[in-house]
Amino acid sequence: MREKKVVLFIVEGPSDEAALGSVMKEYFSSDEVQFVVVHGDITLKDNVSLDDIKKKINEQIEYIQRRYRYNFDDFIRIIHIVDMDGVYIPSEDIKNADIEEVQYYEDFILAKHVQVIADRNKRKGDILFKLRKTGKIHEIPYRIYFNSCNLEHVLYGELKNYSNEEKQRLSDEFADKYDGRAEEFVTFISEPAIAVLGTYQKTWDYIEKDKNSLHRHSNMHFIFKNR
């Protein structure tokens, strides 16, 4: 039996881990923190369906379990962090444009293939609803937390398509800013300008409404409640 229990973070990209890794390891210093990077949106990857999304997440847990030779009872929390990408906005606010990459704005989305994005949003929205109602995976406490429209929007305050190089540079700068200052990060992510108020489930109710999934919101402050 390990002395330290494992807190597992599931994130979308390496820049997510770069930005949040050090502050989470400091805050959860009494535990062993591990990150698994999905390299994309797990709710959309490999044609994942509503029926097999839990299996896909379980695969991430088992990967870390095998890699570090953990027992399943070594895990005490699964913290899954996802981008909203405007998933819940009305379909009429997805507008056609002759562009190659989807562009997100505070009030609408531009896309070359409107119906493709509308279908994507429906599928992702259904999966997120299932996951936010999921309390455990592999008998390990599980919760999913959102950033809207994405992590960069929340952390850096600007909604734009960042290049991978920009994401990495900004995440490194962000990590340096909060190095050794985990409590300051908790204060930042809990500010009313970012944090959605209410219970955990109420924050999800809020982000599902109107165009809130494009606006700068997060419920990551709940990561630090009720430890």
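The structure displayed is predicted, hence computed values, not measured ones.

Visitor: Residue-level account of the packing of aromatic side chains, with values.
Guide: In the structure shown here, the tally under the stated rule is 20 aromatic pairs. On the numbers, 5.0 Å between centres and 80° between planes, the contact of Phe146 with Trp204 is edge-to-face. Placement of the pair is Phe146 in strand β8 (residues 140-148) and Trp204 in helix α7 (residues 200-207), with a sequence separation of 58 residues. Trp204 carries the same exposure label as Phe146, and that label is buried. Each ring, one from Tyr200 and one from Phe222, has its centre 6.3 Å from the other, and the planes form 80°; the classification is edge-to-face. Here Phe222 lies in the segment after β9 (217-218) and Tyr200 lies in helix α7, a separation of 22 residues in the sequence. By the burial criterion, Tyr200 is buried, and Phe222 matches it. Taken together, Phe9, Tyr27, Phe28, Phe35, Tyr156, Tyr162, Phe174, Tyr178, Phe185, Phe188 and Phe224 form an aromatic cluster joined through their ring pairs. Above the face of the Tyr200 ring, Arg143 is positioned so that its terminal group lies 3.9 Å from the ring centre.

Visitor: Give me the lowdown on the pairing of strand β1 (residues 6-11), citing residues and values where you can.
Guide: Counted residue by residue, β1 has 6 buried out of 6 residues, so it is predominantly covered. Where β1 lies against strand β2 (residues 32-37), 6 bridges are found, and the strand directions are parallel. Residue pairing for β2: Leu8 is matched across the bridge by Gln34. After leaving β1, the chain enters helix α1 (residues 14-27) and then returns to the sheet as β2, a path that is right-handed. Note: β1 against strand β3 (residues 75-83), 5 bridges, orientation parallel. Considered in β3, the bridge of Val7 is made with Arg77.

Visitor: Can you explain the sheet that holds strand β4 (residues 94-96)? Please cite residues and give values.
Guide: Read from one edge of the open sheet, 3 strands run β4-β6-β5, paired in mixed fashion. For this open sheet the edge positions go to β4 and β5 (103-104), each flanked by a neighbour on one side alone. Sheet topology note: the β5/strand β6 (residues 109-111) ladder contains 2 bridges and is antiparallel. Its bridge partner lying in β6, Gln103 is registered against Leu110. Helix-sheet contacts for helix α3 (residues 114-132) involve β4, β5 and β6, and the interaxial angle to β4 is about 160°.

Visitor: Please provide a residue-by-residue account of the pairing of β3, values included.
Guide: Most of β3 sits inside the fold, with 8 of its 9 residues counted as buried. With 6 bridges connecting them, β3 and β8 associate as parallel partners. Considered in β8, the bridge of Ile79 is made with Arg143.

Visitor: Can you explain helix α5 (residues 164-177)? Please cite residues and give values.
Guide: Residues spaced three or four apart along an α-helix point in a common direction, a consequence of the helix completing one turn every 3.6 residues. An ideal rise of 1.5 Å per residue puts 20 Å on 14 residues; α5 measures up with 20 Å between its terminal C-alpha atoms. Restricting attention to buried positions, one finds in α5 the residues Leu170, Ser171, Phe174 and Ala175. Viewed end-on, α5 has its buried residues packed into an arc of 140°, placing them on one side of the element. In α5, those exposed residues whose orientation departs by more than 90 degrees from the buried face are Glu165 and Asp176. Buried residues belonging to α5 abut α1, α4 (151-156) and α6 (182-189).

The rules behind the values
- Residue positions are given per chain, counted from 1 along the sequence in the order it is written.
- Since the coordinates come from a predicted model, pLDDT governs what is reported: local features require at least 70, and pairs of side-chain atoms require 80 or more to be given and counted, while whole-chain, interface and lining totals use all residues.
- Remark: hydrogens and water are excluded; side-chain values derive from all non-hydrogen atoms of the structure.
- Aromatic pairs are defined between Phe, Tyr and Trp rings, using the six-membered ring for Trp, whenever the two ring centres lie within 6.5 Å; interplanar angles under 30 degrees are classed as stacked, those over 60 as edge-to-face, and all others as tilted.
- Every helix listed is a DSSP run of H or I at least four residues long, and every strand listed is a run of E at least two residues long, numbered separately from the N terminus.
- Summary of the burial criterion: residues with accessible area below 20% of their type's maximum are buried, those above 50% are exposed, and those between are partly exposed, where the area comes from a 1.4 Å probe applied to protein chains only.
- Counted as over-ring charges are cases with an Arg CZ or a Lys NZ within 6 Å of the ring centre that also lie within 35 degrees of the ring normal.
- Only strands joined by at least two bridges in the DSSP assignment are considered to pair.
- Seen with the strands pointing away from the viewer, any crossover whose path from the first strand over the helix to the second strand runs clockwise is right-handed.
- Here a residue-residue contact requires only that any non-hydrogen atoms of the pair lie within 4.5 Å.
- The convention used is that axes are lines fitted to C-alpha atoms, helices contributing only their stretch in contact, and that angles between N-to-C directions extend from 0 to 180 degrees.
- A helix's residues, less one, multiplied by 1.5 Å, set its expected span.
- In this context, the arc is that of the directions from the helix axis out to the C-beta atoms.

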